[in-house]
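Per-entry structural report
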Amino acid sequence: MTDISKRKFATRVIHSGQETHAWEGATLPPVYQSASHRHPTAESLSDAFSGKGGHIYGRLSNPTNDALETKLSDLEQGQGALVMASGMAAVSNTCMALLRAGDEFVAGRSLFMSTWLLFTRILKKYNITARLADPTDLGAMEAAITEKTRFLYIESIGNPAMDVPDIEKTAALAHAHGLPLVVDNTLGTPFLVRPLELGADAVVHSTTKYISGHGNATGGVVVDGGTFDWGTEKFADFAPFVEKRGNLALLDRIWREHHINHGTTQAPMNSYLTMVGLDTLALRMERHLDNALAVARFLETHPKVAWVNFPGLHGHPNRDVAHKQFGGKGFGAMLTFGLENETACRKSIDNLSLIYHLANIGDCKSLMIHPWSTQYVSFEPDEKAALGIRPDMLRLSVGIEAVEDIIADLDQAIGASRG
């Protein structure tokens with residue numbers, strides 16, 4: 001059989017992890033919709049509980065989920081993966097596996113809304129401190145590191161700040177201090193960038209977004225690079241997990257301590273739907289990226305648009321980093337832009353015809369939202385300011401429709417938006 005690992009990404013995204021011989025020739029795995037798994041002998045079930053292989057109970061593992069984990073680990077060039085019920089499950093379980101009461105960690109301040117709430121509010125209840133800094137300023141990130149710091153955390157493209165940190169340099173900074181780097185690659189996707197290849201130690205995704213691509217299945221994943229040395233004194237608490245799984249100690253700890261006990265299991269049907277979407281990831285991302293750049297350039301010249309924030313525009317401060325880091329393939333498929341005021345933003349949304357108004361991103365359809373009055377409506381003004389959330393801002397996830405139609409819908413909606 002041909003070694004798929006040597007093929008190009010667009011081929012691997014379709015063919016990696018395929019076990020058609022075990023699936024009765026099917027090209028997608030069966031949906032194992034079972035709460036538990038029968039074992040033929042007492043020894044077999046005992047071995048499964050001892051971690052020697054085999055499935056036990058749906059909350060612990062599932063064969064359909066295994067198939068998706070194999071594929072996502074390969075695409076991110078990791079050594080193992082765990083799929084979960086949502087992107088936030090992946091974020092929270094990964095962080096909690098790394099943290100203990102009294103610990104600190106450093107995170108880029110441009111964070112997805114729920115990640116920001118987890119880091120700045122929820123974890124405080126457990127005496128855990130997130131020190132936030134500009135992820136594009138390595139000096140600021142380093143200044144935030146203390147003796148209590150356990151890891152660094154960034155997003156490959158900030159949501160919705162649209163900043164792009166240098167992953168390779170951030171990984172080098174983390175490792176210089178004996179710390180792992182965790183990267184949320186939801187907006188980047190492994191098509192655009194693979195953080196583990198740039199030195200990151202773990203990657204998380206909301207697979208609900210581009211990985212699935214069709215708005216039909218929530219999910220998340222953590223991929224372990226298997227390269228970080230957990231045998232240091234700083235991570236002595238990892239010793240039992242190093243003993244069990246070696247370089248995959250982080251993944252083992254996430255699974256044993258948090259994933260199965262928090263009940264964050266991915267539904268097997270959602271894994272199946274995600275794999276259906278994955279087949280076209282490379283093709284979809286090419287259109288997403290091309291469309292987003294064309295839309296950003298259109299908005300940049302629109303007389304009623306006050307500003308546009310997109311890494312692909314020449315005025316963006318992180319454009320050079322993004323161009324190098326993303327290999328010239330594109331700059332992501334999400335952007336923000338500003339109109340006259342909040343009233344104008346609301347009117348433009350009310351006049352959309354093609355573009356959907358809803359709280360999601362990464363769908364093959366174009367999606368728009370006014371973050372100030374929706375996702376961040378309960379945030380204090382200073383919190384919104386810290387996250388770059390403005391009343392005159394719209395967030396647009398650019399889909400794969402004909403770009404002329406996307407632009408035409410934006411043009412007529414903005415034209416009707418006089419505040």
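Look above for the structure.
Read on for an overview of the structure. (Residues numbered from 1 in each chain as written. Predicted model: local features only at pLDDT ≥ 70, side-chain atom pairs only at ≥ 80, totals over all residues. Heavy atoms only, no water.)

Broken down by element type, the chain carries 16 helices and twelve strands. In terms of C-alpha radius of gyration, the chain reaches 22 Å, essentially the compact-globule figure of 22 Å for 419 residues. On the principal axes, the C-alpha backbone points of the chain span a range of 70 × 55 × 40 Å. Expressed as a percentage of the 419 residues in the chain, the buried residues total 55%. Contacts spanning at least 24 positions in sequence make up 73% of the contacts within the chain whose residues lie at least 6 apart. Separation between the mean location of the 38 positive side-chain charges and that of the 47 negative ones in the chain comes to 1 Å. (Helix = DSSP H or I, 4+ residues; strand = E, 2+ residues; numbered from the N terminus. Rg over C-alpha atoms; globule rule 2.2 N^0.38 Å. Buried < 20%, exposed > 50% of the residue type's maximum accessible area, 1.4 Å probe, protein only. Contact = heavy atoms within 4.5 Å. Lys, Arg positive; Asp, Glu negative; His and termini not counted. Charge placed at Lys NZ, Arg CZ, Asp CG, Glu CD.)

This paragraph deals with the sheet that holds strand β7 (residues 220-224). As summarised here, the arrangement of the seven strands in space is β1-β7-β6-β5-β4-β2-β3, forming an open sheet in which the pairing is mixed. Every interior strand has two partners, whereas the edge strands, β1 (80-84) and β3 (129-133), have only one. For this sheet, the mean angle separating the axes of adjacent strands, direction not counted, is 20°. One ladder, built from three bridges, connects strand β2 (residues 104-108) with strand β4 (residues 149-155); its direction is parallel. By the bridge assignment, Val106 is partnered in β4 with Leu152. The strands that helix α10 (residues 249-262) touches are β1, β4, β6 (202-206) and β7; relative to β1, the one it contacts most, it runs at about 25°. (Pairing = 2+ DSSP bridges. Axes fitted to C-alpha atoms, helices over the stretch in contact; angles between N-to-C directions.)

Turning to helix α3 (residues 63-75), a few remarks are in order. Under the 1.5 Å per step criterion, the end-to-end length of α3 is 19 Å for 13 residues, consistent within 8% with the ideal 18 Å. In terms of burial, α3 is largely enclosed, as eleven of its 13 residues are buried. Next to the buried residues of α3 lie α1 (9-15), β1, α8 (189-192), β7 and α11 (268-278). Where α3 starts, the residue carrying a side-chain oxygen 2.8 Å from the main-chain nitrogen of Thr64 turns out to be Asn62. (Expected span 1.5 Å × (residues − 1). Polar contact = N/O pair within 3.5 Å; in protein donor to acceptor, adjacent residues only side chain to side chain.)

What follows is about the pattern of salt bridges. Within the structure shown, the criterion is met by 16 salt bridges. The residue Lys52 makes a salt bridge to Asp47 at a minimum N-O spacing of 4.0 Å. Glu342 is the partner of Arg346 in a salt bridge, and the nearest nitrogen-oxygen pair spans 3.2 Å. With Arg346 and Glu342 both in helix α14 (residues 342-350) and four residues apart, this pair spans about one turn of that helix. (Salt bridge = Lys/Arg side-chain N within 4 Å of Asp/Glu carboxyl O.)

The geometry of helix α4 (residues 87-98) relative to α10 is characterised by a closest axis approach of 9 Å and an angle of 120° between their N-to-C directions. In this structure, α4 meets α10 at a crossing whose hand is right-handed. From α4, Asn93, Thr94, Met96, Ala97 and Leu98 reach across to α10, where they touch Leu250, Arg253, Ile254, His258, His259 and His262. Its residues assigned to classes, the contact of α4 with α10 comprises five nonpolar, five polar and one charged. (Left-handed = near helix turned anticlockwise from the far one by under 90°. Nonpolar A, V, L, I, M, F, W, Y, C, P; charged D, E, K, R; others polar.)

Along the polypeptide, Asn93 turns up in helix α4. Within the structure, the side chain of Asn93 is placed 2.9 Å from the side chain of Thr264, a separation counted as a polar contact. Once you skip the residues sitting within four places of it in the chain, Asn93 turns out to touch Met84, Ile254, His258, His259, His262 and Thr264.

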